[in-house]
Each structure stands twice: as C-alpha cells, then as structure tokens.
Amino acid sequence: MKSKHTFRLPPDLADRLADYARRKRVTQAQVVETALNSFLSPDGSERMEAAFSRRIDKVVRQLDKLDYRVELNSEALALFVRFWLTANPALPDAARVAAQAQGKERFEGFVEALARKMEFGPKLVEAVGRLGSGV
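These numbers come from a predicted model, not from an experiment.

1. Considering the environment of Thr27
Move 1: Tracing the backbone through its elements, the reader meets Thr27 in the loop between helix H1 (11–24) and helix H2 (28–40).
Move 2: As for Thr27 and Leu17, which are separated by 10 residues in sequence, their C-alpha atoms are 9.6 Å apart.

Below, the structure is given as structure tokens:
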C-alpha cells in the first residue's frame, strides 16, 4: 500500500516532469518515485562520486599527455631554431630579396610535408615514445 503525498512544483519543473514522463511512457508518480529513491539512496552519492572520480582521472591523464606533447613540441622547436641560427649566417642585403622568395617557396613545401606527416605519420611523439621505451 502506497501513501499519498501532495506537493507543489514550480510551473517549469512541472512541465519538465510531465514532458519527461510522456517521453518515457511512464507516469509522473513513477518518475518522482524513482528520482526520490535515487536521491535518498545511501550509496547514490558514492556511486556518483565514483563516476566523477573516474571521469576526472581520465581528464587528468589526457591533460598530462597534452602537457607532455606541448613540452616536446616547444623543445623541438627551440632545438631547431638554435641549430638553424648557429648554422646559417645572416645574408647580405643584396641577396635578401632572392632568399625571401626562395624561403617562401620552401616554406610552402614545408607546410605541405607537415600536412602529410600529420595525416599519415609517423608522428614525432610516437618516434620519441619508441626511443624512450627502448624499441
């Protein structure tokens, strides 16, 4: 035997309850009963906390991986710039215009090669990972 309870809901919540019950093809009383059981369940908060913990742990692992990749990219760029500046002397003014035109053409080739590398790999992160694992 179930006991009867009467309570008032704000109009927007009442509309949402009616809509949800209609979509799920259950009575509003069943929706309220299920929600109250879930809310008042002693392990409900523990289950929710465990689910949040798993999600947060996954996000932390993804952020750690992202942090590693950003650091790897920054170090690779810095190393390249350092070697490039060491190996390439400054150009005389007379040769600068021709070098800029050639540089633009070579940069376009670089961007195309980078696009291919990003699409088909292998990626730098993968290569560094293989080196780090001794493979």
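2. Comments concerning helix H4 (residues 93–120)
For an α-helix, the turn length of 3.6 residues means that residues three or four places apart are oriented alike.
Move 1: Taking 1.5 Å per residue as the helical rise, H4 with its 28 residues ought to reach 40 Å, and the 40 Å between its terminal C-alpha atoms agrees with that figure.
Move 2: Ala99 marks the point of greatest bend in H4, at about 25 degrees.
Move 3: By the criterion of burial, H4 is predominantly exposed, with just 0 of the 28 residues buried.
Move 4: Of the residues one or two after H4, Gly121 is the one with positive phi, at around 70 degrees.

Procedures and definitions
Residues numbered from 1 in each chain as written. Predicted model: local features only at pLDDT ≥ 70, side-chain atom pairs only at ≥ 80, totals over all residues. Heavy atoms only, no water. Helix = DSSP H or I, 4+ residues; strand = E, 2+ residues; numbered from the N terminus. Expected span 1.5 Å × (residues − 1). Bend = angle between axes of the 7 residues up to and from the residue. Buried < 20%, exposed > 50% of the residue type's maximum accessible area, 1.4 Å probe, protein only.

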